[in-house]
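Each chain is listed here by its residues.
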Amino acid sequence: MTPRGAESGIADSPLAMTASALPTPDFSRFPRYAQLTELLQAYAAARPDVVELRSIGKSHEGRDIWLLALTRKATGVDTDKPAFCFQGHPEASPGPHDIAYLFDRFIDSMTAATTKN
C-alpha cells in the first residue's frame, strides 16, 4: 500500500499509513489473506468510532472469515440500523479488490464528513 497522495508505485510493505492513520490499499497487486487481514485490522485501529472487525466463522482452512461493520457507533449498534452488505470472494467478482475499493471510499467519505463538522 502506498500513502494517500504519494507518488504511484508498488510499495514494499503491504500497509502504509498516512498522517490521518488511514491505511491505503495497494491495488497494483492481489492481496494475500494476511495482507487483507492486516488492511482490515488497520481500518479498525484507525477509526474505532466507525469500524468494527469481527470473525464470523472459520474457512475450511481454519482462517477467520471477516465481517467489517461500518457504522457511527455513537448513534447505536450496527445491528439496530439498516444495512448494506458487500460479500467478496477471492475467486469471483466481487473480489477482495472490489470490496477493498468500496470500503476505502466509504471510510474516506465518513472521515471527510467527520472532519468538516
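Residues numbered from 1 in each chain as written. Predicted model: local features only at pLDDT ≥ 70, side-chain atom pairs only at ≥ 80, totals over all residues. Heavy atoms only, no water.

**Focus: the overall build of the protein**
To be explicit about the condition: Runs of H or I in DSSP of at least four residues are treated as helices and runs of E of at least two as strands, each being numbered from the N terminus. Partly exposed residues are those whose accessible area sits between 20% and 50% of the maximum for their type, while under 20% is buried and over 50% is exposed, using a 1.4 Å probe and protein chains only. Values of accessible area rely on a 1.4 Å probe in the Shrake-Rupley scheme; residue burial ignores everything except the protein chains shown.
Scanning the protein from N- to C-terminus turns up two helices and two strands. Mapped in sequence order, the helices and strands of the protein form the string α-β-β-α. Looking at the protein as a whole, 26% of its 117 residues qualify as buried. Surface exposure of the protein reaches about 7,700 Å², of which carbon and sulfur atoms provide 57%.

**Side note on the confidence of the model for the protein**
Just so we agree on the cut-off: As a per-residue measure, pLDDT tells how confident the predictor is, with possible values from 0 to 100.
Summarising the model, the protein shows a mean pLDDT of 77, and 77% of its residues fall at 70 or more. No element of the protein has a lower mean pLDDT than helix α2 (residues 96-116), which averages 80, and none a higher one than strand β1 (residues 51-58), which averages 93.

**Points about the pattern of salt bridges**
When the charged atoms of two side chains with opposite charge come close together, those side chains can pair. As a reminder of what qualifies: What makes a salt bridge here is a side-chain nitrogen of Lys or Arg within 4 Å of a carboxyl oxygen of Asp or Glu, nothing more.
Per the stated rule, a full pass over the model turns up nine salt bridges. The residue aspartate 78 makes a salt bridge to arginine 54 at a minimum N-O spacing of 2.5 Å. Taken as a pair, aspartate 78 in the loop between β2 (64-70) and α2 and arginine 54 in strand β1 lie far apart in primary sequence, 24 residues in all. Arginine 105 is paired through a salt bridge with aspartate 108; the nearest N and O atoms lie 2.6 Å apart. On the criterion of helical spacing, the pair formed by arginine 105 and aspartate 108 is a turn pair, its members being three residues apart in helix α2. Classification of arginine 105 as partly exposed rests on a relative accessible area of 32%. Beyond isolated ion pairs, a larger network of salt bridges with shared partners links Glu52, Arg54, Lys73 and Asp78.

**As for the packing of aromatic side chains**
Definition in use: Each Phe, Tyr or Trp ring, with Trp reduced to its six-membered ring, pairs with another whose centre is within 6.5 Å; inter-plane angles below 30 degrees give stacked pairs, above 60 give edge-to-face pairs, and intermediate values give tilted ones.
The full count for this structure, using the stated rule, is two aromatic pairs. An angle of 80° between the planes, with centres 4.9 Å apart, marks the rings of tyrosine 43 and phenylalanine 103 as edge-to-face. Residue tyrosine 43 is located in helix α1 (residues 33-46), and its partner phenylalanine 103 is located in helix α2; the two are separated by 60 residues in the primary sequence.

**What about the pairing of β1?**
Every other side chain in a regular strand lies on the same face of the sheet, so the side chains alternate between the two faces. Filter applied, for reference: If DSSP finds at least two bridges between two strands, the strands pair.
Bridge count for β1 against β2 is six bridges, and the pairing is antiparallel. Note on β2: the bridge partner recorded for glutamate 52 is alanine 69. Between the end of β1 and the start of β2, which pair antiparallel, lie five residues, with glycine 62 showing a positive phi angle near 85°.

**Remarks on the environment of aspartate 104**
The cut-off we apply is this: Here a polar contact means two N or O atoms within 3.5 Å. Within protein one must be a hydrogen donor candidate and the other an acceptor candidate, and residues neighboring in sequence count only if both atoms are side-chain atoms.
Within the element layout of this structure, aspartate 104 appears in helix α2. As for aspartate 104 and leucine 22, which are separated by 82 residues in sequence, their C-alpha atoms are 9.2 Å apart. Within the structure, the side chain of aspartate 104 is placed 2.5 Å from the side chain of tyrosine 43, a separation counted as a polar contact.

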